[in-house]
Amino acid sequence: MASFGWKRKIGEKVSKATSQQFEAEAADDKDLADDDDANWVHATKRRKEILLEDCVKKSKQLKDEGASLAENRRYREAIHKWDEALQLTPEDATLYEMKSQVLMSLHEMFPAVHAAEMAVQRNPRSWDAWQTLGRAQLGLGEIALAIRSFQVSLHIFPMNPEVWKEDLSWARKLHEQQKATNTEAVQALAKEKELAQESIPDYDFESDEIVAVCAAIAEKEKALSAAKTVVIVSASGTVETVTEKENCPTAPDETLFIRAR
C-alpha cells in the first residue's frame, strides 16, 4: 500500500533564470495591455470630442437657418429648425430665447414664457433671456413678474437703454393703471354694499303707529272670520249671495248643485 506524502509546490524545480525570464515577459505583456487600455480610452475620448464638435457645428447651422426663416416671418419653420438644434445642444440658452421671441410673435404666450424660463435656467447671466422672459410675462398679464425680470436684466446690463426706456417704463405704467383699476373696483364694491345696507329701513316695531296698524289688521281679520259670504247657484241658473255666521250656518236647498265661495 502506498504511503501518504505532502504534495510538492508547483514550480519547486523551476530554475531561477527561467523564473526571472517569465516575470520579465509578464511585465512586458502588462505594459502592452496598459498601453492598449490607454489608447482605447484616448480613442474613445477623441471620438466623443469629434461627435460633440459635429453636434455643435450642426446645431449652429440649424440655428442660423432658423434665424433666417424667422426674419422672413416663417415662424413655424424656424421653430422646427431650432427644435432640431436643441436635440443636438440642449443646453444652448440662445435657442430657447430665440424660440420664445417667435412664439410671442405667434401670440402663444404660455409656450413663450416656458421657453424663456428654460433660457434663463441655462444661462442666468444672459440679460437677453431675462428681457425676453419679461416681455413674455407682460404678454401673459403677469405685470409684477415682468417688472422683476426687467430689473434683473438691467442688473446684468445696466446700460441697456431699451430695457430702461421701453420695457421697464411700459411695465411700470401698466402696473400703476392696474393698481388704480383695482382701487376703483374695491371702492365701487364698498359703495354698493353701503347702499344695499341703507336700502333696508330700520323699523321701530314697538312704536305707537305700528301697534295701531297691527290692531286694525287684527280687527279686520276678526270681522271677516265672523261673517262669510257664500255664492249659491240653483239648478235654474239663479245666483244668490248668502251671508253665513259662525253660530247660524245656512243650509242650502236640495236643488242646489253648485256652491262657490
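Position labels on residues start from 1 in each chain and follow its written sequence. Under the rules for a predicted model, residues below a pLDDT of 70 receive no local features and side-chain atom pairs below 80 are neither given nor counted, while totals for whole chains, interfaces and linings still include all residues. Just so you know, side-chain values use all the structure's heavy atoms and leave hydrogens and water out.

Draft legend 1. Focus on the packing of helix H3 (residues 93–105) against helix H4 (residues 109–122). At a closest axis distance of 8 Å, the pairing of H3 and H4 adopts a crossing angle of 160°. With respect to their mutual orientation, H3 and H4 come out roughly antiparallel. Handedness of the crossing formed by H3 with H4: left-handed. For the pair H3 and H4, contact is made by Ala 93, Tyr 96, Glu 97, Ser 100, Leu 103 and Met 104 and by Met 109, Pro 111, Ala 112, Ala 115, Ala 116, Met 118, Ala 119 and Arg 122, respectively. Grouping the constituent residues of the contact of H3 with H4 by class yields 11 nonpolar, 1 polar and 2 charged. Helix axes are fitted only over the stretch in contact, all axes being lines through C-alpha atoms; the angle between N-to-C directions runs from 0 to 180 degrees. Under the scheme used here, helices are H or I runs from DSSP no shorter than 4 residues and strands are E runs no shorter than 2 residues, and both carry numbers assigned from the N terminus. The scheme is simple: roughly parallel for angles under 35 degrees, roughly antiparallel for over 145, roughly perpendicular for 65 to 115, oblique for anything else. By definition, turning the near helix anticlockwise from the far helix through less than a right angle yields a left-handed crossing, and turning it clockwise yields a right-handed one. Contacts between residues were defined by any pair of non-hydrogen atoms, one from each residue, lying within 4.5 Å. Charged means Asp, Glu, Lys or Arg here, nonpolar means Ala, Val, Leu, Ile, Met, Phe, Trp, Tyr, Cys or Pro, and polar covers whatever is left, Gly included.

Draft legend 2. Fine view of the side chain of Lys 63. In this fold, Lys 63 is placed in helix H1 (residues 16–71). The buried category is assigned to Lys 63, whose relative accessible area is 19%. For Lys 63, the residues in contact, after removing those within four places along its chain, are Trp 82, Asp 92, Thr 94, Leu 95 and Met 98. Type-normalised accessible area, obtained with a 1.4 Å probe on protein chains alone, sets the label of each residue: buried when under 20%, exposed when over 50%, and partly exposed for intermediate values.

Draft legend 3. Region of interest: the environment of Gln 137. When you line up the elements, Gln 137 lands in helix H5 (residues 127–139). In this structure Gln 137 comes out as buried when scored by relative accessible area, which is 8%. Separated by 24 residues in the primary sequence, Gln 137 and Val 113 have C-alpha atoms spaced 6.3 Å apart.

Draft legend 4. Expanded view of the packing of H4 against H5. The geometry of H4 relative to H5 is characterised by a closest axis approach of 9 Å and an angle of 155° between their N-to-C directions. Compared by their axis directions, H4 and H5 come out roughly antiparallel. Here the hand of the crossing between H4 and H5 comes out left-handed. For the pair H4 and H5, contact is made by Met 109, Ala 112, Val 113, Ala 116, Glu 117, Ala 119 and Val 120 and by Ala 129, Trp 130, Thr 132, Leu 133, Ala 136, Gln 137 and Gly 139, respectively.

Draft legend 5. Examining the nonpolar core more closely. Formed by 29 residues in total, the largest nonpolar core has its most connected members in Trp 82, Val 102 and Leu 133. Of all the elements in the fold, those that place two or more residues in this core are H1, helix H2 (75–88), H3, H4 and H5. When residues in this core are grouped by element, the largest group, 8 residues, is from H4. Once you skip the residues sitting within four places of it in the chain, Val 102 turns out to touch Ala 70, Tyr 75, Ile 79 and Trp 82. With 10 residues, the next largest nonpolar core counts Ile 143, Phe 150, Leu 168 and Ala 171 among its residues. Nonpolar cores are built from buried Ala, Val, Leu, Ile, Met, Phe, Trp, Tyr and Cys residues. Side-chain atoms within 4.5 Å join them into one set.

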